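Commentary on secondary and tertiary structure
If you want the building blocks of each chain, they are given just below.
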Amino acid sequence: MNTRTDRRIRVATGIAAALLALGFLLGGFVVLLAVSPQAPDFAALFSDAYIRAIVGFTLLQAGLSTLLSVLLAIPFAVALHRARFPGKRLILRLFLLPQALPVLVGALAVITIWGQSGVVSQGLTALGLPRLDVYGLSGILIAHVFFNMPLAARLFVAALDRVPTESWKLAGQLALPPLGVFRLVEWPALRPALPGAAALIFMLCVTSFTIVLVLGGGPAATTLEVAVYQALRFDFDPSRAIGLSLIQIVLTALVLIATLILGRDPAGGFGLGAKARRFDAASRVRDMSDALIVTLGTLFVASPFAAVVVSGLAADLPRLLTETAVIDAALTSLAVALAAASLSVVVSTLVLLAIEALAQGRRPGRLSRVTRRSLETATSLVLVVSPVIVGAGWFLALRQVTDVLAAGPYVVVATNAVMAMPFIVRIVAPALRQANAETGRLAESLGLTGLARLALLDLPAMRRPLALAFAFAAALSFGDLGAIALYGSNDFVTLPYLLLQRMGSYRTADAAGLALLLGLIAIALMAVVEGGLAGRRRRPT
Amino acid sequence: MSRPRRPLPRTILALAGAAAWLVGLAAISGQASAEGADKPTLTVYTYDSFSAEWGPGPQLKTQFEASCDCTLDFVGLDDGVAILNRLKLEGPSTRADVALGLTSDLIPEAKTTGLFTDSGVDTAELTVPAGFSDPVFVPYDYSYLAFVYDTETVKTPPKSLADLIAGDPDQKIVIEDPRTSTPGLGFLLWMKAVYGDDAAAKWRELEPRILTVTPGWSEAYGLFTKGEVPIVLSYTTSPAYHEIEEKTDRYQAAAFDEGHYLQIEIAGILKGSEHRGLAQRFLAFLVSKEAQQILPTTNWALPVRGDIDLPEAFSHLVTVDKPLLIDPETVAKNRRAWTDEWLQAVGAR
């Protein structure tokens, strides 16, 4: 097999994988559109002042949340990467956890800290100061930063990890001051990761629902996703729901395309492969400020978890741990999370290999550039497709051919897998790109193709990021609720679903216990997955 | 590039292990369809807190199956609205024989689907407030909306809706969103029933007291029990749960002079059911003394019969002299307009 054939195969399988994922999402839309009596009336939607107002608010809160999350994550990632102290890995792992927390649990935990009777407010009243009032835009922003700053920070730390040792050495030999290091080494490494991280967070915030309503303080804070939910769930008006959802997708696509154009990657770093050992000149002031930034950032992310632990410990844990319902739900959740993460990793990897193959073409033509862009955009947009619509569509489609309740788990796994793709692509793509930039030509001149190239070049380069991606995908799917609601049956109950069920029938203590349990299992899952798949981290020589 | 290392097989091994989970998943989903087929199965769509192990479902199942020579199968969905949506998605070929857990507000919408048939159950003896009766739907329990307060922070609870509206704006309340939840819509109707055309003005007056408007009951009640807010929109029966299950009288419902809005829960038989006789027997059983005795302490709602021995805690509940209920047809016609009016009043437009 020659290099060209190899590239064609990669591109073809990648496109097939992307089409599979997209087909799954669009299939839901198409089926739902087929049953709704009329097509979405966009003119009416756009002329509705209410819709225009919530479109405005959706973009405003998502834009601000993204900006804050990214801006705060940069100094944190830089300080964390520079500082040397035990427990660093623990912090990195903790930063994966918000994604695993069901949104409602996270929102209530944030309120325990920042609410009007929260820890901070109590501290303020003790000092004779007025209580905090975060309900409104500020509350939404706090919660979104809690969920997404850690995500951005992890992506940025990974970007800093890719800086070759030579750069750090050089910076050390030149005794560059911290600002110089930032300008010459860190910023060039972070910069390519910025648009990807920002786009991802923007999409997560655009579709925010529970946080916006609970912390928004009233209907002035309403997102398009709320309107989609209302249209489909409460008014049962599929064409309106689809129309609103399409508006959401198109708006987000515009933002994404803008970030892709603005954030065109400068040439990737180049190095001989030895990894992150830094040679910063000793500085008291810098060490102090690093310690301060890392402490504050960690405290901000960890404090809501502390609230989860405290209220969880008050629950009757021994009883919960021995309940069959709880054990079954935990096992179901684990199975769903691992299956979804595996599926997602496989599909995303195929897409990524195609993107890389297209980028590596000797003279990338217009067509291959467009194909690459569409692959990149397609794998991202899935996040803004409302799971309620996908779920309802597939529900209708599947019941023509099979018992829907039996098919439920597969739809849930597929939905979760597709929703995790943008995360995986963001985490793995830079490493693969770097590996190809470093050794792609060499591999081609050696005629390395097919599985051999995959085994010798691509997989070793992707292994660590893939492990992180797998852990992320599993965590995301472990805490997810979006897809399951419609397929709810007594035989298929996940842990977050059980938690909400208890919360919905006065059993708040049980729910708190389950939240703690869920967090612990998620953290163990991520440790095992990330640790196991990544292999032993090389000793920081 | 770093030299090719050995750990590759390990990656593959781990992926293979994860793939094995997929197989396990197949086993989970296969389990559901492996039950015996000689007895008829009566499928009842309900909400999940009804079918949950602490809900009335399991006890009702045991009792009904003891005499029906059938299998009773509850399918637990989100709430009444979700049940109706599910039926709309499935149409006439639905698996359900009975839908249990709609609220009376949904009756016009449920009837327009044309999926339901007359129940044939005699409901003349039942004691439902506001004289509710319907040929298609059988009422099986009801509850009143109420504002539940924390006695540790609220020393002078509001005695009326007017009190609540005029109360201290620093003492916050939390309500549910009428766009996404049944109690939220109920409160909207409550305001409408009491204030009519002045409702919008009253909403504007109440607005400063509202800490936030949550998507559903769980979020609101979660904020309340967390101590974030001292007053929450819930039901008159809520204190009974805390008294019986948690042995505390800390949370109480405020009795309002203007009356309380009524929420009647109903069940109906699907036209396409192959077990119509059995479905009818089940609905008759649902309003029997035997079944009604179970509902108050499992579904935390009031029974539709007068001959039920209620636990002591229920005698401490707010008694409602003036049940408020807007006729479902009027609700169906005006829901959109009233929701818009609310949005405008509380500042979303």
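Being a predicted model, the structure only gives us computed values, none of them experimental. (Residues numbered from 1 in each chain as written. Chains lettered and ligands numbered in written order. Predicted model: local features only at pLDDT ≥ 70, side-chain atom pairs only at ≥ 80, totals over all residues. Heavy atoms only, no water.)

1. Side note on the overall build of chain B
- When you go through chain B residue by residue, the secondary structure sums to 13 helices and 12 strands.
- Counting all 349 residues of chain B, 58% fall into the buried class.
- Taking all contacts inside chain B whose residues are at least 6 apart in sequence as the whole, residues at least 24 apart take part in 77%.
- Summed over its atoms, the accessible surface of chain B is roughly 14,000 Å², and 50% of this surface lies on carbon and sulfur atoms. (Helix = DSSP H or I, 4+ residues; strand = E, 2+ residues; numbered from the N terminus. Buried < 20%, exposed > 50% of the residue type's maximum accessible area, 1.4 Å probe, protein only. Contact = heavy atoms within 4.5 Å. Areas by Shrake-Rupley, 256 points an atom, 1.4 Å probe, with all protein chains shown as cover.)

2. Quick notes on the overall build of chain A
- A count of helices and strands for chain A gives 22 helices and zero strands.
- The C-alpha atoms of chain A give a radius of gyration of 24 Å, which matches the 24 Å a tight globule of 541 residues would have.
- For the C-alpha atoms alone, the extent of chain A along its principal axes is close to 60 × 60 × 50 Å.
- A burial count over chain A gives 60% of its 541 residues as buried.
- Counting contacts in chain A only where the partners sit at least 6 residues apart, residues at least 24 apart contribute 83% of the total.
- Approximately 21,200 Å² of chain A is accessible, and the part contributed by carbon and sulfur atoms is 69%.
- Positive and negative side-chain charges in chain A, numbering 44 and 27 respectively, have mean positions lying 11 Å apart. (Rg over C-alpha atoms; globule rule 2.2 N^0.38 Å. Lys, Arg positive; Asp, Glu negative; His and termini not counted. Charge placed at Lys NZ, Arg CZ, Asp CG, Glu CD.)

3. Things to note about the state of the cysteines
Residue and element names in this part refer to chain B.
- Throughout the structure, instances matching the rule amount to one disulfide over all chains.
- Across a sulfur-sulfur distance of 2.1 Å, Cys 68 and Cys 70 are joined as a disulfide pair. Looking along the S-S bond of the Cys 68-Cys 70 disulfide, the torsion reads about -90°, which is the left-handed sense.
- The class for Cys 68 is buried, based on a relative accessible area of 6%.
- For Cys 70, a relative accessible area of 1% gives the class buried. (Disulfide = S-S within 2.5 Å.)

4. Let's talk about the packing of aromatic side chains
Residues and elements named next belong to chain A.
- Summed over the entire model, instances satisfying the criterion amount to 32 aromatic pairs over all chains.
- Ring centres of Phe 146 and Phe 305 lie 5.6 Å apart, and the angle between their planes is 50°; on these two criteria the pair is classed as tilted. Of this pair, Phe 146 sits in helix 7 (residues 137–161) while Phe 305 is found in helix 14 (residues 284–313), placing the two residues 159 residues apart along the sequence. For the pair formed by Phe 146 and Phe 305, the shared burial category is buried. (Phe/Tyr/Trp six-rings, centres within 6.5 Å; stacked < 30°, edge-to-face > 60°.)

5. Some points on the confidence of the model for chain A
Residues and elements named next belong to chain A.
- With 93% of its residues at a pLDDT of 70 or more, chain A has an overall mean of 83.
- Per-residue pLDDT, averaged within each element of chain A, yields its smallest value for helix 17 (residues 366–381) (75) and its largest for helix 3 (residues 49–82) (93).
- Counting interchain partners and residues more than four positions distant, the pLDDT-below-50 stretch residues 537–541 has five contacts. (pLDDT = per-residue confidence, 0-100.)

6. With respect to the nonpolar core
- Counting 285 residues, the largest nonpolar core has A:Phe156, B:Phe116, B:Phe147, B:Phe187, B:Trp190, B:Trp203 and B:Phe282 as its most contacted members.
- Excluding residues that lie within four positions of it along the chain, B:Phe147 makes contacts with B:Leu164, B:Ile173, B:Ile175, B:Phe187, B:Trp190, B:Ile231, B:Val232, B:Leu233, B:Gln252, B:Ala253, B:Ala254 and B:Phe256.
- In this structure, A:Ala340, A:Val412, A:Ala417 and A:Phe492 belong to the second largest nonpolar core, which totals seven residues. (Core = buried A, V, L, I, M, F, W, Y, C linked by side-chain atoms within 4.5 Å.)

7. Regarding the side chain of B:Asn85
- Checked against the element boundaries, B:Asn85 lands in helix 4 (residues 80–90).
- Among the residues examined, B:Asn85 registers a relative accessible area of 7% and is labelled buried.

8. Some remarks on the side chain of A:Ser344
- If you trace the backbone, A:Ser344 turns up in helix 16 (residues 324–360).
- Using a relative accessible area of 1% as the deciding quantity, one classes A:Ser344 as buried.

9. Description of the pattern of salt bridges
- For the coordinates displayed, the defined rule picks out 20 salt bridges over all chains.
- The residue A:Asp510 makes a salt bridge to A:Arg319 at a minimum N-O spacing of 2.7 Å. With a gap of 191 residues between them, A:Asp510 in helix 22 (residues 508–534) and A:Arg319 in helix 15 (residues 317–322) connect regions that are remote in the sequence.
- Looking at A:Asp510, the relative accessible area reads 9%, which means it is buried.
- We classify A:Arg319 as partly exposed; its relative accessible area is 34%.
- With a closest N to O distance of 3.0 Å, B:Lys192 and B:Glu341 form a salt bridge. Residue B:Lys192 is located in helix 7 (residues 182–195), and its partner B:Glu341 is located in helix 13 (residues 328–345); the two are separated by 149 residues in the primary sequence.
- Salt bridges linked by common partners bring A:Asp316, A:Arg319, A:Glu323, A:Arg502, A:Asp510 and B:Glu53 together as one network. (Salt bridge = Lys/Arg side-chain N within 4 Å of Asp/Glu carboxyl O.)

10. Re a nonpolar patch on the surface
- On the surface, A:Leu60, A:Leu64, A:Leu67 and A:Leu71 cluster together into a nonpolar patch covering about 350 Å² of accessible area.
- Summarising the element assignment, A:Leu60 is placed in helix 3. (Patch = residues over 30% accessible without salt bridge, like charges linked within 9 Å, V, L, I, M, F, W, Y side chains within 5 Å.)

11. Details of the environment of A:Gly243
Residues and elements named next belong to chain A.
- Positionally, Gly 243 belongs in helix 13 (residues 238–262).
- You can call Gly 243 buried: its relative accessible area is 0%.
- The spacing of Gly 243 and Glu 323 is 80 residues in sequence and 44 Å in space, taken between C-alpha atoms.
- Those residues in contact with Gly 243 that sit more than four places away from it in its chain are Pro 40, Phe 42 and Leu 45.

12. What about the domain arrangement of chain A?
All names here are of chain A.
- The domain boundaries assigned to chain A delineate domain 1 (1–35 + 317–541) and domain 2 (60–224 + 282–307).
- Here domain 1 and domain 2 have C-alpha centroids that lie 24 Å from each other.
- Together domain 1 and domain 2 conceal approximately 2,400 Å² of surface at their shared face, both sides included; 75% is due to carbon and sulfur atoms.
- Inspection of the domain 1/domain 2 interface yields zero salt bridges.
- Taken together, the connections running from domain 1 to domain 2 amount to zero residue pairs in polar contact (both at pLDDT 80 or more).
- The leading source of residues in the side of domain 1 that touches domain 2 is helix 22, at nine residues.
- For the side of domain 1 that touches domain 2, a count of residues per class yields 23 nonpolar, five polar and four charged. (Domains from an automatic or database assignment. Buried area = accessible area lost by both parts, 1.4 Å probe. Polar contact = N/O pair within 3.5 Å; in protein donor to acceptor, adjacent residues only side chain to side chain. Nonpolar A, V, L, I, M, F, W, Y, C, P; charged D, E, K, R; others polar.)

13. Re the pairing of strand 3 (residues 98–103) of chain B
Residue and element names in this part refer to chain B.
- Judged by how many residues are buried, strand 3 sits mostly within the fold: six of six residues are covered.
- Of the pairings in the sheet, the one linking strand 1 (residues 41–47) to strand 3 comprises two bridges and is parallel in character. Bridged to Tyr 45 within strand 3 is Ala 99.
- Note that strand 3 and strand 10 (residues 260–270) share five bridges and pair antiparallel. What sits directly across from Val 98, in strand 10, is Ile 269. (Pairing = 2+ DSSP bridges.)

14. A few points about the domain arrangement of chain B
Residues and elements named next belong to chain B.
- Taken domain by domain, chain B consists of domain 1 (41–142 + 263–316) and domain 2 (145–262 + 319–345).
- Computed from C-alpha coordinates alone, the two centres of domain 1 and domain 2 are separated by 26 Å.
- Taken together, the 20 residues of domain 1 in the interface contact 19 residues of domain 2.
- Both faces combined, the contact of domain 1 with domain 2 buries some 1,700 Å², and carbon together with sulfur accounts for 66% of it.
- For the domain 1 face of the interface with domain 2, the top three residues by lost area are Asp 105, Gln 263 and Trp 300, together amounting to 44%.
- Between domain 1 and domain 2 we count three residue pairs in polar contact (both at pLDDT 80 or more) in total.
- Contributing elements (two or more residues each) for the side of domain 1 that touches domain 2: helix 5 (107–112) and strand 10.
- When its residues are assigned to classes, the side of domain 1 that touches domain 2 shows 12 nonpolar, five polar and three charged.

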